[in-house]
Structure formats: structure tokens, C-alpha cells
Amino acid sequence: MGQKMLMKGNEAIAEAAIQAGCRFFFGYPITPQNQIPEYMSKRMPKVEGGCFLQAESEVAAINMVYGAAGAGARVMTSSSSPGISLKQEGISYIVGAELPCVIVNMVRGGPGLGSIQPAQSDYYQSTRGGGHGDYRMLVLAPSSVQEAVELTQQAFDLADKYRNPVLVMGDGLIGQMMEPVEMPEYVKPELPEKTWAATGWKPGCGRERAVINSLYIDPSVLEQHNRKLFAKYAVMEREECRWQEEMTDDADFVIVAYGTTARIARSAMRKLRDKGIKAGLIRPITLWPFPNAPIQKAAEHAKAFLTVEMSMGQMVDDVRLAVNGKKPVEFYGRTGGIVPTVREIVEQIENMAKEAK
Amino acid sequence: MAVVYEKTKLLTDKPLHYCPGCTHGIIHRLVAEALDELGVQDKTIGVAPVGCAVFAYDYFNCDMMEAAHGRAPAVATGCKRVNPNNVVFTYQGDGDLASIGAAEITHAATRGENITVIFVNNAIYGMTGGQMAPTTLPGQVTTTSPYGRDTNHCGYPIRVSEMLATLDGPAYIARVSVHDVKHIMEAKKAIKKAFQLQIEGKGFTMVEVLSSCPTNWGMTPQEALKWLQENMIPQYPLGVKKEKEAE
Ligand SMILES: Cc1ncc(C[n+]2csc(CCOP(=O)(O)OP(=O)(O)O)c2C)c(N)n1
Ligand code: SF4
């Protein structure tokens, strides 16, 4: 472990990526993630083999990522909601061509130009693929700057392990917040060699000619390819699901929240415990695959669930799918860039407790 | 017996899917021969477009990437930045490059990205069945300009080579044609030169190749070549549009 430093979330993510061997960054300015490309533009030229390039658009940036990933590099791009929408075509191609890369989305309020304030309203887009076609991405949702650092580094390993893009989904707050962080010493795990990368080929050079491609014109071959992708997703669902549980063992009321909202929910949970209401918290760390297991377990004994989001209610669908009608699932959300308060969440649970009596 | 002609090893044995008389096939051969003669097969990465040449990754016998519609210059940029010693080229149609990909080509050019672009201009969207392209000639009938391209309604064709030649980034931009043997030889020279300049690290190079689409022009291959010569060349004059002075 390195020393503790005070860092902004966005800068910490950028440094963590470099520490994890990311040498290529392509991006386009958009608030509230600008510190990532700015940091990269400062640092990359000082790192051996490092390259920062400001693209002409998010569309170009994600396609530069495609080219760099196809050439075997560790590569990242970052943006915020409107820009992530523009990247969706490219992300779909990257998934189809089975290329590893890391994408950061510092979510802001929408729809449209929306606001520049924090939001969680890109949950559907992130967890259901986002672009066209049948696919998934691993979605990691940090709730502190320290966790953002750790998840960013893991994102590169996971991307390489599965040859699939990994999305680190923060919100404006995670990106802008300054917190003490320890930059962990990055140790690269054993990963498969990128023998598929397009780096130059001639007959007899020891590998097949590389073709980085997502076109499968024969429907039966495409179906086979999609089944292969989904076999990978099945492994991810089994092995990569992450969450944090607090005080759920005896909880009557379980709050489900991620990212910044989970921090506020944690404070609310403590307040409620002080007041004698048995509240607990489940914080999904992977939004996809979604942690069904702890929710199903809690549904055995809890009286009800409250999903809290900075949206009009998106993750709540996944909570309801996991609870499967066993217990009521309520929703509380603020949107447009407004962050829910501890008091608001406490009130929601108090009302639920009254109703449950 | 002396070998008079041999298929270049930069093309695979896969039969081309192009329509009879389509000049995409000739352009493939010119690109492949140029790379072969420069001895860079083991360094070359090609980027195929979305368009009739989408399967170029099956034909060029080198590492290949297939890009989204119009994005080949961005893909090539990412690839080239990772391995600057690779010889990286894109092969793009006029819909791909001049319409949906207008931003990507312009910025790759102005960055002086050290890649080579083979720009196949056939004044039409071939693959999707002959719709109007940004390069369609005034008055030209296509499936989405059934009364002929009306410039009052949808503007004028883009002369991409001249437009990009106004930028400081490009090292070499030329427009050539493949409608007869003489022009095919000149096209080959220009393509080889573009690759040579890339190998020397001179920066962005592009060769625009006027090409025929007999199928969607509704002509025989011979008529198409004649139409190209008589109608496209006046609109798109051949020649070198930009050549950076040797530094
Ligand atoms: C985003 C997107 N839009 C549209 C298409 C459909 N499409 C496929 S090829 C093509 C036009 C290709 O024309 P051109 O680039 O001129 O090449 P040609 O086929 O004439 O060689 C279009 C519009 C697509 N594949 N992707
Ligand atoms: S449609 Fe036109 S451009 Fe495409 S292969 Fe046929 S002749 Fe060539």
C-alpha cells in the first residue's frame, strides 16, 4: 500500500488506471468527469508508452478505444451520461468483437442535456447492455473514492479476463468528492495472453491471422457467437457478483442503494437503529450482475424493502425481481440532480414501520 | 518458364463477393500489391468499413479490424497509437467516409495521423442498394433521388480530397481513377507512394479512387467505366491535391 493522499474521485480513478497499466486514454470533455481527461493529459506523456488523445467526439473516442483494444492495449475512456449515450454504438461493437476495455460514466441528470448534477438515472442503460443487440457489461458502482480506485484497477483485470468492456459507474459526487485514498500497489493477476490481437501477421508466424470483427452474416453463426457471449455472462453472474451487507441479519426493513445513495442510506440506517427500528442495508457493488442472493436471503425474514436511488426508479425493478413478490418493495428517489437526504430516507422507513404494525 | 503474373500474397484465396465489373476488386489488388512490394505484410493492419467492402477483412491477407460505419479513421488511430511501427490503412466508401464518417476523417487528417486512407468514391451507396451519397452528382438518379439529385433541395457533392487538402495535417492527398489501364497504373503508383510516406512517418495520406458501381448505376461494366470517365472526372478532377514539402 502506498501513502494516503487526498484526491478527487475523478483524479484518483485516472491515477488508478495508470497504475493498473492503462497506457491509452481517449476522451472528450463533459462535466462532471473533466478531471479524468485533464489528469490523463498531464500524466500520460510522463509515463513510458503513455498516450492521451482528445478525440473529436465521444463517438470517435470509443472507436479509438476499439482500435487500441484490438491492438492489445489496456485502454480506457470516460464520459458522463450524454456522452455515454453517444458511445453506445461503439460499446456494442466492442462487445461483439470481444475486446477488453474500461469505460467510466460519471452519471449526471437527464434526459437530454439534463443537468450537470449527480444522478443514477443511467442504471437501465448500463445494466441492460445500452447499445443495440443482446449483450451485457460488468457494471461496477463505487461508493467512495477509495473503492473507485480499487474497482477501476479490478475493472482492467476483469475486462481482460472476459474480453468484455467493464463499466465503472459513478455519479457526479463520487467524481468531484475529495477523500483520503491509498493507491494500492497494483499486482497484475495471471491473465490469458492476447493472442487474438491485431499486431501484425504473416504466414507461419505462430498464430492465426487476427480479424477484429463483430459481423457474423450467417444467422446460425451469429446465434452461436451470441450463445458464447452469454456463456461468459453466466460465468460472470456466478463469479463476479459483489455487494456489501450491513445489519441485514435481524433487519425488519432493508434499504437497497448503491454509490453515493448508499452512503446516505447508511447514515439513515444508523439513525433508525438509534430510534429502535431494525433497519439494514444491502449495497450492490456490481449493478450487473445484480446481487440477487442477499436480497432473496433478506426476503425470508424482513418485513419490507426500500430501494433508494437518484432516479425515478430503475434498480427497484431488479430488487422486485429478486424479492419476487415475497415482500413489499417500496421506492424512494430524487431526480434531476437532487441528492436524497438522510431525513427523507428515515421518514420513508418510519412510515413503512407504521404501516407494518 | 518465366512468371509473367502472380497473385499477390497480400490477398487471400477467398473469392471476392463484388458484383461483376465492380472496380472494388481492382482497388483491392492495387492496395495488396503495393503492400506486398513494400514488404510490410507482417506489419500491416487494415481497417474495413461498413459498405460493400465490409468483408475486406476476408480478402486482405494481413491482420484486420472491421469498424463501425464511418469510424474506420478513429479505429485506425487507436490501433496506430498502440503500435506506431504498424502500417495501418483504412478502406472506405464515400457514404462511409464523406457522410456518416465526415468528422472522423477530417480529424484524423488534421491530426496528421500517420495512417493511409483508401477512399473509394463511386458516387452512390452501393451496399444498401443505390441510395444517394454525399458524392452523388447533380442530377444523378439514385433510389433516394429518383428525379435526379436536386442541388436546391439537398445540396452539392463534396470534393473530399480538395477539402482535406486545405488542412495542414495531411502529408499526401491524391485523386486517381481505375477506369482504364493507364489510370490503374497511376492509381497503383499513388497508393504505393501513400504507404511509402506512412512508412517514413510523414503523416496522414489519402488516395481517393474513383470507382464504378455498375449494379446501382444500372449499367453494364463497360458503360459504367465510360460514365465514370465522362461524368465523375469533370466533377472530381484527378491529380495530387496535397503534398507536404519534404522536410
Ligand atoms: C450506423 C449505420 N447506419 C447505416 C448503416 C447501413 N449502411 C450499410 S453500408 C451503407 C452505405 C455504404 O455506402 P458507401 O460507403 O458509399 O460504400 P459502397 O457500398 O458504395 O462501397 C449504409 C448506409 C449501417 N450499417 N450503420
Ligand atoms: S453494389 Fe456496386 S459497389 Fe457494391 S459490389 Fe456491386 S457494383 Fe460494387
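What counts and how
- Residues numbered from 1 in each chain as written.
- Chains lettered and ligands numbered in written order.
- Predicted model: local features only at pLDDT ≥ 70, side-chain atom pairs only at ≥ 80, totals over all residues.
- Heavy atoms only, no water.
- Helix = DSSP H or I, 4+ residues; strand = E, 2+ residues; numbered from the N terminus.
- Rg over C-alpha atoms; globule rule 2.2 N^0.38 Å.
- Buried < 20%, exposed > 50% of the residue type's maximum accessible area, 1.4 Å probe, protein only.
- Contact = heavy atoms within 4.5 Å.
- Areas by Shrake-Rupley, 256 points an atom, 1.4 Å probe, with all protein chains shown as cover.
- Core = buried A, V, L, I, M, F, W, Y, C linked by side-chain atoms within 4.5 Å.
- Domains from an automatic or database assignment.
- Axes fitted to C-alpha atoms, helices over the stretch in contact; angles between N-to-C directions.
- Left-handed = near helix turned anticlockwise from the far one by under 90°.
- Nonpolar A, V, L, I, M, F, W, Y, C, P; charged D, E, K, R; others polar.
- Buried area = accessible area lost by both parts, 1.4 Å probe.
- Salt bridge = Lys/Arg side-chain N within 4 Å of Asp/Glu carboxyl O.
- Polar contact = N/O pair within 3.5 Å; in protein donor to acceptor, adjacent residues only side chain to side chain.
- Pairing = 2+ DSSP bridges.
- Near = heavy atom within 4 Å.

## Some details on the overall build of chain B
Moving on, step 1. A count of helical and extended segments in chain B gives 10 helices and 7 strands.
Moving on, step 2. Against the compact-globule benchmark of 18 Å for 247 residues, chain B has a radius of gyration of 17 Å, which places it among compact chains.
Moving on, step 3. For the C-alpha atoms alone, the extent of chain B along its principal axes is close to 50 × 50 × 30 Å.
Moving on, step 4. The buried share of chain B, taken over its 247 residues, is 59%.
Moving on, step 5. In chain B, the proportion of contacts linking residues at least 24 apart, taken out of those at least 6 apart, comes to 69%.
Moving on, step 6. A total of about 9,800 Å² of accessible surface is found on chain B, and carbon and sulfur atoms cover 56% of it.

## Topic: the overall build of chain A
Moving on, step 1. Within chain A, the regular secondary structure consists of 12 helices and 15 strands.
Moving on, step 2. By element, 51% of the accessible surface of chain A is carried by carbon and sulfur atoms, the whole surface being about 14,200 Å².

## As for the nonpolar core
Nonpolar side chains in soluble globular proteins tend to end up buried together.
Moving on, step 1. Counting 125 residues, the largest nonpolar core has Phe26, Tyr66, Met76, Ile295 and Phe305 of chain A together with Met65 of chain B as its most contacted members.
Moving on, step 2. A per-element tally of this core places helix H6 (residues 145-162) of chain A first, with 9 residues.
Moving on, step 3. Of the residues that make up this core, three or more belong to each of domain 1 (4-185 + 226-239) and domain 2 (244-356) of chain A.
Moving on, step 4. Setting aside residues up to four positions removed in sequence, Met76 of chain A forms contacts with Ile13, Ala17, Cys22, Phe24, Phe25, Phe26, Ile36, Met40, Val65, Val102, Val104 and Phe156 of chain A.

## Regarding the packing of helix H1 (residues 9-19) of chain A against H6 of chain A
Residues and elements named next belong to chain A.
Moving on, step 1. Two numbers describe how H1 lies on H6: the axes approach to 8 Å, and their chain directions differ by 35 degrees. Pair H1 / H6 crosses with right-handed handedness. Facing Gly9, Ala12, Ile13, Ala16, Ala17 and Gln19 of H1, the residues of H6 in contact are Val145, Ala148, Val149, Thr152, Gln153 and Phe156.
Moving on, step 2. For the contact of H1 with H6, the per-class residue count stands at 8 nonpolar, 4 polar and no charged.

## Comments concerning the environment of Glu66 of chain B
Moving on, step 1. Looking at the secondary structure, you find Glu66 of chain B in strand E2 (residues 63-66).
Moving on, step 2. Linking Glu66 of chain B and Gly21 of chain B, residues 45 residues apart in sequence, is a C-alpha distance of 25 Å.
Moving on, step 3. Leave out the neighbours within four places in its chain, and Glu66 of chain B touches Tyr66, Tyr93, Ile212 and Asn213 of chain A together with Ala48, Pro49, Val50, Val54 and Tyr57 of chain B.

## A word on the interface of chain B and chain A
Moving on, step 1. On the chain A side, the residues contacting the 36 residues of chain B number 33 residues.
Moving on, step 2. A combined buried area of about 2,600 Å² lies between chain B and chain A, and 60% of that area is made up of carbon and sulfur atoms.
Moving on, step 3. Where chain B touches chain A, the interface holds 3 salt bridges.
Moving on, step 4. Linking Glu56 of chain A and Arg111 of chain B is a salt bridge whose minimum nitrogen-to-oxygen distance equals 3.0 Å.
Moving on, step 5. Counting across the interface, chain B meets chain A through 15 residue pairs in polar contact (both at pLDDT 80 or more).
Moving on, step 6. Residue assignment for the side of chain B that touches chain A shows that the elements contributing at least two residues are strand E1 (44-48), helix H2 (56-59), E2, helix H3 (72-82) and helix H5 (102-110) of chain B.
Moving on, step 7. Broken down by element, the side of chain B that touches chain A gets its largest block of residues, 7 residues, from H3 of chain B.
Moving on, step 8. When grouped by side-chain class, the residues that make up the side of chain B that touches chain A number 16 nonpolar, 10 polar and 10 charged.

## Side note on the sheet that holds E2 of chain B
Moving on, step 1. Spatially, E9(A)-E2(B)-E1(B)-E3(B)-E4(B)-E6(B)-E5(B)-E7(B) is the arrangement adopted by the 8 strands of the open sheet, whose pairing is mixed. Since the sheet does not close on itself, it has two edges, and those belong to strand E9 (211-212) of chain A together with strand E7 (239-243) of chain B, each with one partner.
Moving on, step 2. As defined by bridge partners, strand E3 (residues 87-93) of chain B adjoins strand E4 (residues 116-121) of chain B across 5 bridges and the pair is classed as parallel. The partner of Thr90 of chain B across the bridge, within E4 of chain B, is Val117 of chain B.

## So, the site of ligand 2
Residue and element names in this part refer to chain B.
Moving on, step 1. Tyr18, Cys19, Cys22, His24, Cys52, Asn122, Gly126, Cys213, Pro214, Thr215 and Asn216 make up every residue found near ligand 2.
Moving on, step 2. With 3 residues, the top contributor of residues to the shell around ligand 2 is helix H9 (residues 214-217).
Moving on, step 3. Of the residues assigned to the shell around ligand 2, the class counts are 6 nonpolar, 5 polar and no charged.

## Some words on the site of ligand 1
Moving on, step 1. Taken together, the neighbourhood of ligand 1 is formed by 17 residues, with Cys52, Asp94, Gly95, Asp96 and Gly126 of chain B sitting nearest.
Moving on, step 2. The residues that come close to ligand 1 belong to more than one chain, namely chains A and B.
Moving on, step 3. In this structure, Cys52 of chain B approaches ligand 1 through a main-chain N or O atom, which is 2.8 Å from an oxygen atom.
Moving on, step 4. In the environment of ligand 1, an oxygen atom lies 2.7 Å from a nitrogen or oxygen atom belonging to the side chain of Asp94 of chain B.
Moving on, step 5. About the coverage of ligand 1: the protein hides 76% of its 590 Å² of free accessible area.
Moving on, step 6. A per-class count over the shell around ligand 1 returns 6 nonpolar, 8 polar and 3 charged.

## With respect to H3 of chain B
Moving on, step 1. With 10 of 11 residues buried, H3 of chain B is to be regarded as a mostly interior element.
Moving on, step 2. Three or more residues of H3 of chain B are buried, namely Ala72, Pro73, Ala74, Val75, Ala76, Thr77, Gly78, Cys79, Lys80 and Val82 of chain B.

## Some remarks on the domain arrangement of chain A
All names here are of chain A.
Moving on, step 1. Splitting chain A by domain gives domain 1 (4-185 + 226-239) and domain 2 (244-356).
Moving on, step 2. Taken over C-alpha atoms, the centre of domain 1 sits 27 Å from the centre of domain 2.
Moving on, step 3. Domain 1 puts 31 residues into the contact, and the matching count from domain 2 is 25 residues.
Moving on, step 4. Carbon and sulfur atoms make up 52% of the area that domain 1 and domain 2 hide from each other, which totals about 2,400 Å².

## Side note on the pattern of salt bridges
Residue and element names in this part refer to chain B.
Moving on, step 1. Evaluated as defined, the whole model comprises 42 salt bridges over all chains.
Moving on, step 2. Glu186 is the salt-bridge partner of Lys182, the closest N and O atoms lying 3.8 Å from each other. Linking Lys182 with Glu186, this pair stays in helix H8 (residues 181-199), spanning 4 residues, or about one helical turn.
Moving on, step 3. Judged by relative accessible area, Glu186 falls into the partly exposed class, the value being 37%.

## Things to note about the environment of Ala55 of chain A
All names here are of chain A.
Moving on, step 1. Structurally, Ala55 is set in the loop between strand E3 (51-54) and helix H3 (58-70).
Moving on, step 2. Ala55 sits in the buried class, given a relative accessible area of 4%.
Moving on, step 3. Taking the C-alpha atoms as reference points, Ala55 and Ile91, 36 residues apart in sequence, are found 16 Å from one another.
Moving on, step 4. The contacts of Ala55, once residues within four sequence positions are left out, are Gly27, Tyr28, Ala60, Ala61 and Met64.

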